[in-house]
Amino acid sequence: GKDIYHLEEAAIGGHPNARYNLGVEENESGNIERAVKHFIIAAKLGHDDSVQRLKGMYKSGYVSKEEFASALRGHQAAVDATKSPQREEAAKALGYKLMQGRN
């Protein structure tokens, strides 16, 4: 339906929550392989709940060890990218400039 269309559009746009929600929809529809693909993509975008879903699916045998390990590495890389010293420095610099602009 229309809801799924909008989720798909958002997922294509790189929104991890939309990607996760599509995975949930596919999982509930019995499309396990498609669900796994959505969860892997969302996990690699830093989505924590997708990692938890994949962990459960790995334990149940729906996700291979390689897929799970790859998703975990991607997730960690995404999390690290949001906490990089360069990013923190940029935020400080931007915040400083914004404060300067108010005087």
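Up top is the structure.
Because the structure is a prediction, the values reported are computed rather than measured.

Trainee: Just checking my understanding: could you explain helix 5 (residues 65-81) for this structure?
Mentor: Residue pairs spaced three or four apart in an α-helix point in one direction, given the helix's 3.6 residues per turn. Compared with the 24 Å implied by 1.5 Å per residue over 17 residues, the 24 Å span of helix 5 between its first and last C-alpha is a close match. The set of residues buried in helix 5 consists of Phe68, Ala71, Gly74, His75 and Ala78. Projection of helix 5 onto a plane perpendicular to its axis shows the buried side chains occupying an angular sector of 130 degrees, all on one side. Exposed residues on helix 5 whose side chains face more than 90 degrees from its buried face are Lys65, Glu66 and Arg73. Buried-residue contacts for helix 5 involve helix 3 (32-44) and helix 4 (48-59).

Trainee: What exactly am I supposed to notice about the packing of helix 4 against helix 5 here?
Mentor: A pair of packed helices is captured by two measures, namely the crossing angle of their axes and the spacing between those axes. Packing of helix 4 against helix 5 leaves a shortest axis separation of 10 Å and a crossing angle of 165 degrees. By the criterion of interaxial angle, the relationship of helix 4 to helix 5 is roughly antiparallel. Our pair here, helix 4 against helix 5, has a crossing hand that is left-handed. Along its contact with helix 4, which presents Asp48, Val51, Leu54, Lys55 and Tyr58, the element helix 5 presents Lys65, Phe68, Ala71, Leu72 and His75. The residue inventory of the contact of helix 4 with helix 5, partitioned by class, reads 6 nonpolar, 1 polar and 3 charged.

How each quantity is defined
- Residues numbered from 1 in each chain as written.
- Predicted model: local features only at pLDDT ≥ 70, side-chain atom pairs only at ≥ 80, totals over all residues.
- Heavy atoms only, no water.
- Helix = DSSP H or I, 4+ residues; strand = E, 2+ residues; numbered from the N terminus.
- Expected span 1.5 Å × (residues − 1).
- Buried < 20%, exposed > 50% of the residue type's maximum accessible area, 1.4 Å probe, protein only.
- Arc of directions from axis to C-beta.
- Contact = heavy atoms within 4.5 Å.
- Axes fitted to C-alpha atoms, helices over the stretch in contact; angles between N-to-C directions.
- Parallel < 35°, antiparallel > 145°, perpendicular 65-115°, else oblique.
- Left-handed = near helix turned anticlockwise from the far one by under 90°.
- Nonpolar A, V, L, I, M, F, W, Y, C, P; charged D, E, K, R; others polar.

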